[in-house]
Amino acid sequence: VRLVESGGGLVQAGGSLRLSCAASGRTFTSYAMGWFRQAPGKEREFVAAISWTNAPTYADSVKGRFTISRDNAKNTVYLQMNSLKPEDTAVYYCAADLRIHPGRGANEYRYWGQGTQVSVSS
């Protein structure tokens, strides 16, 4: 599975961005998909994930502000980010794994995208 993220950029605090992750392969519907982020000097952290049945799960830090969704017809997963804060600044990575329930640990995902930078100014 090849993953390609897009949609990152620079935005002011309180603004919004939508990240996209396009996946290759014909079995996209069988994959749990996740979003992680990594800020400079910090470990990669879980942001959100969605099962193949469209059940989402979120980190507490983004709950109520971010929404994960997937379009299986387009082999794409999205991360809508609203009310962005400077602390959301990071490289955002898309991840995939062939499992029913999406995990929250980075080591639970086999496939990764190259990342897209999100910068939020105060």
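Residues numbered from 1 in each chain as written. Predicted model: local features only at pLDDT ≥ 70, side-chain atom pairs only at ≥ 80, totals over all residues. Heavy atoms only, no water.

Across all of its chains, the model carries six aromatic pairs by this definition. Summarising the aromatic geometry, the rings of Tyr31 and Tyr111 are spaced 6.1 Å apart at their centres and angled 65° between planes, so their arrangement reads as edge-to-face. With Tyr31 in the loop between β3 (17-23) and β4 (32-38) and Tyr111 in strand β10 (residues 111-112), this pair connects stretches of sequence that are 80 residues apart. Exposure remark for Tyr111: the relative accessible area of 24% places this residue in the partly exposed category. Plain terms: the ring middles of Tyr109 and Trp112 are 6.4 Å apart, the flat faces sit at 70° to each other, and that makes the pair edge-to-face. Overall, Tyr109 belongs to the buried group, its relative accessible area being 5%. Since its relative accessible area comes to 26%, Trp112 is described here as partly exposed. Among the aromatic residues, ring-to-ring pairing joins Phe36, Phe46, Tyr93, Tyr109 and Trp112 into one connected group. Positioned over the ring face of Trp112 is Arg44, at 4.8 Å from the centre of the ring. (Phe/Tyr/Trp six-rings, centres within 6.5 Å; stacked < 30°, edge-to-face > 60°. Helix = DSSP H or I, 4+ residues; strand = E, 2+ residues; numbered from the N terminus. Buried < 20%, exposed > 50% of the residue type's maximum accessible area, 1.4 Å probe, protein only. Lys NZ or Arg CZ within 6 Å of the ring centre and 35° of its normal.)

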